[in-house]
Amino acid sequence: MEEQSLYGRVGGQAFFDDLVERFYEGVVCDELLRPMYPDDLEESRRHLALFFAQYWGGPRSYEEVRGHPRLRMRHAAFRITKRARDAWLLHMTAAVNAVSDRLSPEDYEEMVAYFEMAAHQLRNV
Ligand code: HEM
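Residues numbered from 1 in each chain as written. Predicted model: local features only at pLDDT ≥ 70, side-chain atom pairs only at ≥ 80, totals over all residues. Heavy atoms only, no water.

Caption draft 1: Molecular detail of the site of the ligand. In the vicinity of the ligand lie 21 residues, with Tyr-37, Ser-44, Tyr-62, Arg-66 and His-75 positioned nearest. At a separation of 2.5 Å, an oxygen atom of the ligand approaches a polar side-chain atom of Ser-44. Of all elements in the fold, only α3 (42–55), α4 (61–66), α5 (71–75), α6 (82–98) and α7 (105–122) reach the threshold of two or more residues within the shell around the ligand. Split into classes, the residues belonging to the shell around the ligand amount to 16 nonpolar, 2 polar and 3 charged. (Near = heavy atom within 4 Å. Polar contact = N/O pair within 3.5 Å; in protein donor to acceptor, adjacent residues only side chain to side chain. Helix = DSSP H or I, 4+ residues; strand = E, 2+ residues; numbered from the N terminus. Nonpolar A, V, L, I, M, F, W, Y, C, P; charged D, E, K, R; others polar.)

Caption draft 2: Expanded view of the coordination of the iron atom of the ligand. Among all protein atoms, only His-75 (NE2) binds the iron atom of the ligand, sitting 2.0 Å from it. Along the chain, His-75 falls in helix α5. (Donors = N, O, S within 2.8 Å, 3.2 Å for Na, K, Ca; no water.)

Caption draft 3: Region of the structure containing the layout of surface pockets. Approximately 730 Å³ is the volume found for the largest pocket. Around the largest pocket, the lining is made up of 27 residues, and of these Tyr-24, Tyr-37, Leu-48, His-75 and Phe-78 lie nearest the centre. Elements represented by at least two residues in the lining of the largest pocket include exactly α2 (13–28), α3, α4, α5, α6 and α7. At 6 residues, α3 tops the list of elements feeding residues into the lining of the largest pocket. (1 Å grid on protein atoms, 1.4 Å probe; cavity = no way out; pocket = protein on both sides within 12 Å on 5 of 7 lines; lining within 4 Å. Points joined across faces, edges and corners; volume = space filled by probe spheres on them.)

Caption draft 4: The packing of α2 against α6, seen in detail. With their axes 8 Å apart at the nearest point, α2 and α6 run at an angle of 140° to one another. The angle between the axes of α2 and α6 places the two elements in the oblique class. The handedness of the crossing between α2 and α6 comes out as right-handed. In this structure, α2 contributes Leu-19, Arg-22, Phe-23, Gly-26 and Val-27 to the contact, and α6 contributes Trp-88, His-91, Met-92, Ala-95, Val-96 and Ala-98. (Axes fitted to C-alpha atoms, helices over the stretch in contact; angles between N-to-C directions. Parallel < 35°, antiparallel > 145°, perpendicular 65-115°, else oblique. Left-handed = near helix turned anticlockwise from the far one by under 90°. Contact = heavy atoms within 4.5 Å.)

Caption draft 5: How the structure looks around the packing of α6 against α7. Between α6 and α7, the least distance of the axes is 10 Å, while the angle of their chain directions is 165°. With respect to their mutual orientation, α6 and α7 come out roughly antiparallel. Crossing geometry of α6 relative to α7 is assigned as right-handed. For the pair formed by α6 and α7, the contact residues are Arg-85, Trp-88, Leu-89, Met-92, Val-96 and Asn-97 on the first element and Tyr-108, Met-111, Val-112, Phe-115, Glu-116, Ala-119 and His-120 on the second. In the contact of α6 with α7, the residues fall into 9 nonpolar, 2 polar and 2 charged.

Caption draft 6: Highlighting the nonpolar core. One finds Phe-16, Phe-23, Phe-52, Trp-88, Met-92, Met-111 and Phe-115 to be the most contacted residues of the largest nonpolar core, which totals 38 residues. For this core, the secondary-structure elements that each account for two or more residues are α1 (6–9), α2, α3, α6 and α7. Residues contacting Met-111, with those up to four places away along its chain left out, are Leu-6, Phe-15, Phe-16, Trp-56, Val-96 and Leu-103. (Core = buried A, V, L, I, M, F, W, Y, C linked by side-chain atoms within 4.5 Å. Buried < 20%, exposed > 50% of the residue type's maximum accessible area, 1.4 Å probe, protein only.)

What follows is the structure in structure tokens.
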């Protein structure tokens with residue numbers, strides 16, 4: 001199963017760890033987003049990387065650690081304005097571009113489209 005998923009095609013968890021590492025490099029320099037996140041980003045990195053791995057067809061470790069994603073509920077505590085959403089998307093797109101040598105053109109398109117869709121859904125202000 002996993003070989004047929006994006007998770008399998010990109011070589012597993014390491015790809016998502018690298019993606020998320022890049023993403024948080026953007027977040028730490030972002031004056032709007034940085035204060036929303038905890039000082040120590042280690043758990044934030046781990047949870048996001050496990051979530052993406054699970055979403056793209058990898059093992060269900062995220063759910064084992066965190067339970068059902070319920071992303072809207074988990075983001076309710078944060079003021080996700082249009083600006084915050086756009087900032088998040090900017091950093092995530094930059095992260096995808098940084099690891100895009102490991103993505104086929106089709107997987108690249110699918111990933112960018114998913115992040116745009118999901119970020120639009122999570123705007124809550
Ligand atoms: C739209 C702008 C977004 C903002 C400002 C935002 C912000 C945040 C913040 C502040 C946290 C808490 C970090 C922590 O406690 O470690 C978080 C967690 C998380 N976010 Fe977002 N987020 C956004 C969009 C997204 C999107 C589009 C996704 C998925 C595609 C996503 C997935 C997650 C996940 C999986 C977690 C960890 C949940 C957990 O298990 O605690 N976020 N986000």
